[in-house]
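Structural description and commentary
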Amino acid sequence: MPKAEDAAARIARLRADIAQCDRAYYQLDAPLIPDAEYDALYRELQALEAAHPDLRAPDSPTQRVGAAPLPAFEPVRHRVPMLSIQTETDTSPKGAEAFDHRVRARLGLDAVDPPVVYQAELKFDGLAVSLRYEYGVLTQAATRGDGETGEDVTQNVRTIRGLPLRLLAEQPPAVLEVRGEVLMKRADFERYNARQRAKGQPTLVNPRNGAAGSIRQLDPTVAAQRPLSFYAYGWGEVEGWEDRPTTQHGMLDAFAAFGFPVAAQRVHGPGAQTLMAFHARIARERDELPFDIDGVVYKVDRLALQRDLGFRNREPVWAVAHKYPAQERSTQVLGIDIQVGRTGKLTPVAKLEPVFVGGVTVTNATLHNEDEVRRKDVRIGDRVVVRRAGDVIPEVVAVVPDGRATRADPFDLHARLGGVCPVCGSAIHREPGEVDWRCTGGLYCPAQRKQAVLHFASRRAMDIEGLGEQRVDQLVDGGLVRVLPDIFSLDAARLAALDRMGGKSAAKLVAAIDASRATTLARLIYALGIRHVGEATARDLARHFGSLDALMEAPVGALEAVPDVGPVVAESIRLFFEQTHNREVLAQLRAADVHWREQASVPGQGGTGVLEGRVFVLTGTLPHLGRDDVKARIEAAGGRVTGSVSKKTDFVVAGAEPGSKLARAMELGVTVLDEAALMELLGSVGSQQ
Ligand code: IVH
């Protein structure tokens, strides 16, 4: 353990490094170091703080979570009230002119006077909070409340990882209250909900409720699990900041320099022109923003002018919110179709009476999955609210109750389809704990064929060079490949007739297809694209059963005897081989001379190598062997290659210019091998087999 003064220096270093990593990760979306390294820094800091309790501090990244649940939120009186802003009623870009007129009139400016300089910003759609920093350290966070008194939500706000617990400043102001909005980015919201659905737990209604609800949780561990973000847009009380900015844009630049997230979408410039251009630009960009917005905000840029203009009816005269025409409209559900995705996923889609939403005519809207349809209780004939958010497929938000006496029957996907895929007629299946129904047609289903062909031909499967996405599209669309075995009857003459395919590349492709006929059982099993059967499982199945026939006939019980094959995987394999079409495909592949060496089966064992169960991590460049080659050799000997070094790692194979994984290995005392040592190890395996 280091001496106290060394520990203090190390702790300070770790805190600064972790804060920098958090900023890069949460604000810039550009991680500086791998997760495992971040975790190591974090754990080191935790350990040092545990050993030196006197060096603990509220601005340490370890102190973001950890507080106990509260009985209730304490009230916080805002020393500078948190007021709301007026909304411009005209949603067209011209609304900006009305604001400019009002400002000029209040300032007593004539037409001949120079334009007022404005700042235009996004209007974030979340929950307003005020963050109090004293001498650079976050001391309190409060909600807006009624503007005069809010609630102390410090514990929850501290869990927002993109937020500085300490300002990045040599001489921070004595007091600085930073005001801004807590929100949930759309991708974080979707990810969170997908995880919740997978766990069968309640989902959030929308990002806005997600943010507001999370901040108002009494138990900070709940907020800590919600992926929240913060964006700064103004200040409250400020003390002891000598050369403080004199403009709104200068204020936001200063916030960014202190380490706060500030939206990049902001401009300042003269007159209503600047504002209208911003309004129009954000109308175009809003769908691509990472979060929902509620419009834009215009502010007089010079803070001295803001003071002159002051407030009217508790609203600033110097600022206005300017919204956009609604992106939600109501319409009628004419029918519910079911689409088959590339992986066999069945998605219910509402067919709508055409409606103009957010600039486009919408006729289809996704209903996501059966549970969502049931939750929203959408039925044919209902009036529904449709939302279009960006290039995202329009979605049905909710049913508008219209008091009709009779409605269609509740939606039942299985009954609607009579239990079979609408494209190929194969059985449909929904696994326990999953939300999606899927077509089990696999290779046979045209909707899944392209994806299946691509996977089949991929390097780790049948390894057919030259069968890329465009080529596969061409072959499937042109009817040349209907089922996988068709690949093996392609000839150079027919291929050469395709667009963008000369005689030479046709001959090359035919040669690649030819070469792929000699394969291994493991590759073939993997190439079939059975759900849940990845490369490792395919290898285990090949070793366990030894022959394709044995695998095809295996009942669920026998499948579950294979290491790492549980009930879900076993059921998926059984369903696959139960489909007559899939059996036919395999017979045709054999007839097309696709062959492999059947092995003696090794029941109950995933592998036989001496490296069985050993975990390897690769780093740096080896003198002779490529990464894939090394990986294949280790796996052939029964070992496993993973991405990051942990206590479970047995060996790190290091070459030239190794990454931080080598340092981590040394730290954990993991055995490090160079290429020669690895070959020796593999050689010894070979001689024992
Ligand atoms: S400035 C005194 N700027 O809008 C005016 N507010 O009605 C201070 N909001 O609840 C507000 N984005 O949370 C300002 N760029 C922005 C904003 C913004 C969102 C919210 C704010 C408040 C409401 C004002």
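Up top you'll find the structure we're talking about.
A few points on the structure. Computed from a predicted model, the values in this text were never measured in an experiment. (Residues numbered from 1 in each chain as written. Predicted model: local features only at pLDDT ≥ 70, side-chain atom pairs only at ≥ 80, totals over all residues. Heavy atoms only, no water.)

Re the sheet that holds strand 2 (residues 87–88)
What counts, and what does not: Following DSSP output, two strands are said to pair if at least two bridges run between them. For the purposes of this entry, the term helix denotes a DSSP run of H or I that reaches at least four residues, the term strand denotes a run of E that reaches at least two, and both are numbered from the N terminus. Here a residue-residue contact requires only that any non-hydrogen atoms of the pair lie within 4.5 Å. Every axis corresponds to a line fitted to the C-alpha atoms, with the helix fit spanning only the stretch in contact, and the corresponding angles, defined between N-to-C directions, vary from 0 to 180 degrees.
The sheet built from 5 strands is open, its strands ordered 2-13-10-3-9 with mixed pairing. This sheet does not close on itself; its edge strands, each paired only once, are strand 2 and strand 9 (267–270). Where strand 2 lies against strand 13 (residues 319–322), 2 bridges are found, and the strand directions are parallel. Opposite Thr-87, over in strand 13, you have Ala-321 as the bridge partner. The sheet strands contacting helix 3 (residues 95–107) are strand 2, strand 3 (117–124), strand 10 (293–300) and strand 13, and the helix crosses strand 13 at an angle near 170°. Helix 9 (residues 271–285) contacts strand 3, strand 9, strand 10 and strand 13 of the sheet and is inclined by roughly 145° relative to strand 9.

Details of the site of the ligand
Threshold: The rule for a residue being near a molecule or strand is that one of its heavy atoms must lie within 4 Å of it. What qualifies as a polar contact is a pair of N or O atoms within 3.5 Å, subject to a donor-acceptor requirement within protein and to the restriction that residues adjacent in sequence count only when both atoms come from side chains. Working definition of accessibility: Shrake-Rupley area with a 1.4 Å probe, residue cover restricted to the visible protein chains. Here the nonpolar group is Ala, Val, Leu, Ile, Met, Phe, Trp, Tyr, Cys and Pro; Asp, Glu, Lys and Arg are the charged ones; every other residue, Gly included, is treated as polar.
As a structural note, the neighbourhood of the ligand is formed by 14 residues, with Ile-85, Glu-121, Glu-181, Tyr-233 and Lys-299 the closest of them. In the model, an oxygen atom of the ligand is placed 2.9 Å from a nitrogen or oxygen of the Ile-85 main chain. Interatomic distance of 3.3 Å between a side-chain N/O atom of Lys-123 and an oxygen atom of the ligand. A total of 530 Å² of accessible area belongs to the ligand in isolation, and the protein chains cover 87% of it. Sorting the residues of the shell around the ligand by element identifies strand 3 and strand 10 as the ones contributing at least two each. The leading source of residues in the shell around the ligand is strand 3, at 4 residues. Looking at the shell around the ligand residue by residue, the classes come out as 8 nonpolar, 1 polar and 5 charged.

Examining the packing of helix 3 against helix 9
Put simply, the rule reads: Throughout, the term roughly parallel applies to angles under 35 degrees, roughly antiparallel to angles over 145, roughly perpendicular to angles from 65 to 115, and oblique to all others. Left-handed is the label given to a crossing in which the near helix is rotated counterclockwise from the far helix by less than a right angle, and right-handed is the label when the rotation is clockwise.
Closest axis-to-axis distance for the helix 3/helix 9 pair is 9 Å, and the angle between their directions is 150°. Classed by the angle they form, the pair helix 3 and helix 9 counts as roughly antiparallel. As for how helix 3 packs across helix 9, the hand of that crossing is right-handed. Residue-level inspection shows Ala-96, Glu-97, Phe-99 and Asp-100 of helix 3 in contact with helix 9, the latter providing Ala-272, Leu-275 and Met-276.

Quick look at the packing of helix 13 (residues 446–457) against helix 14 (residues 469–477)
One way to put it is that helix 13 packs onto helix 14 with a least axis distance of 10 Å and a crossing angle of 135°. With respect to their mutual orientation, helix 13 and helix 14 come out oblique. The element helix 13 and its partner helix 14 pack so that their crossing is right-handed. Contacts from Arg-449, Lys-450, Val-453 and Leu-454 of helix 13 reach helix 14 at Glu-469, Val-472, Asp-473, Val-476 and Asp-477. Of the residues in the contact of helix 13 with helix 14, the class split is 4 nonpolar, no polar and 5 charged.

Points about the side chain of Asp-59
For Asp-59, the position within the fold is in the loop between helix 2 (35–51) and strand 1 (75–77). Among the polar contacts listed, one links the side chain of Asp-59 to the side chain of Arg-166, at a separation of 2.4 Å. When sequence neighbours within four positions are dropped, the list of residues in contact with Asp-59 reads Val-137, Arg-158, Leu-165 and Arg-166.

Quick word on the packing of aromatic side chains
Filter applied, for reference: To pair, rings of Phe, Tyr and Trp, with the six-membered ring standing in for Trp, must have centres within 6.5 Å; the planes then decide the type, stacked if under 30 degrees apart, edge-to-face if over 60, and tilted in the middle. The buried label applies to any residue whose accessible area, calculated with a 1.4 Å probe on protein chains only, is under 20% of its type's maximum; exposed applies above 50%, and partly exposed to all values in between.
In the structure shown here, the tally under the stated rule is 17 aromatic pairs. When the ring of Phe-311 is compared with that of Trp-318, the centres are 6.3 Å apart and the planes differ by 80°; the resulting orientation is edge-to-face. According to the relative accessible area criterion, Trp-318 is buried, its value standing at 16%. Aromatic pair Phe-456 and Phe-488: ring centres 6.3 Å apart, planes at 80°, arrangement edge-to-face. Of the two residues, Phe-456 is situated in helix 13 and Phe-488 in the loop between helix 14 and helix 15 (492–496); the sequence distance between them amounts to 32 residues.

Here we look at the side chain of Arg-104
Formally: Charge assignment: positive for Lys and Arg, negative for Asp and Glu; neither His nor the chain ends contribute. Any Lys or Arg side-chain nitrogen found within 4 Å of a carboxyl oxygen on Asp or Glu counts as a salt bridge.
You can see Arg-104 is positioned in helix 3. Despite its burial, Arg-104 pairs with no opposite charge, the nearest such side chain being Asp-100 at 4.9 Å. Of the polar contacts made by the side chain of Arg-104, one reaches the backbone oxygen of Asp-110; its length is 2.8 Å. In contact with Arg-104, other than residues within four places in its own chain, are Leu-109, Asp-110, Ala-111, Asp-113, Pro-114, Pro-115 and Val-116.

Remarks on the pattern of salt bridges
Enumeration according to the criterion identifies 52 salt bridges in this entry. A salt bridge links Glu-237 to Arg-79, with the nearest nitrogen and oxygen atoms 3.6 Å apart. Placement of the pair is Glu-237 in strand 8 (residues 229–239) and Arg-79 in the loop between strand 1 and strand 2, with a sequence separation of 158 residues. Relative accessible area serves as the criterion here: at 13%, Glu-237 is assigned to the buried category. Of the charged contacts in the structure, one is a salt bridge between Arg-132 and Glu-237, with a shortest N-O distance of 2.8 Å. Of the two residues, Arg-132 is situated in strand 4 (residues 127–134) and Glu-237 in strand 8; the sequence distance between them amounts to 105 residues. There is no split in this pair, since Arg-132 and Glu-237 are both buried. In the salt-bridge network here, residues are joined through shared partners; they are Arg-79, Arg-132, Glu-134, Glu-177, Arg-179 and Glu-237.

Some words on the nonpolar core
The line we're drawing: Here the nonpolar core consists of buried residues drawn from Ala, Val, Leu, Ile, Met, Phe, Trp, Tyr and Cys, with membership extended through side-chain atoms lying within 4.5 Å.
The biggest cluster of nonpolar side chains holds 55 residues, and the ones touching the most others in it are Ile-464, Ile-487, Phe-488, Leu-541, Ile-573 and Phe-577. When residues in this core are grouped by element, the largest group, 6 residues, is from helix 17 (residues 521–527). Once residues lying within four places of it in the same chain are set aside, the contact partners of Ile-464 are Ala-457, Ile-487, Leu-509, Ala-512, Ile-513 and Ser-516. Formed by 36 residues, the second largest nonpolar core is a distinct cluster that contains Ala-141, Leu-176, Tyr-192 and Ala-254.

What about the sheet that holds strand 8?
If you walk across this open sheet you meet the 4 strands as 5-4-7-8, and the pairing is antiparallel. Of all the strands in the sheet, the pair left with one neighbour each is strand 5 (137–143) and strand 8. Across the sheet, the mean angle separating the axes of adjacent strands is 25° when strand polarity is ignored.

Looking at the state of the cysteines
Under the convention used in this document: Note on terminology: disulfide denotes any pair of cysteine sulfur atoms within 2.5 Å.
Within the structure shown, the criterion is met by 0 disulfides. Cys-439 provides the cysteine sulfur closest to Cys-421, a residue in no disulfide bond, and the two sulfurs are 3.6 Å apart. Given a relative accessible area of 3%, Cys-421 falls into the buried group. Free of any disulfide, Cys-445 has its nearest neighbouring cysteine sulfur in Cys-424, separated by 3.7 Å.

As far as function goes, none of this settles anything; it's purely spatial.
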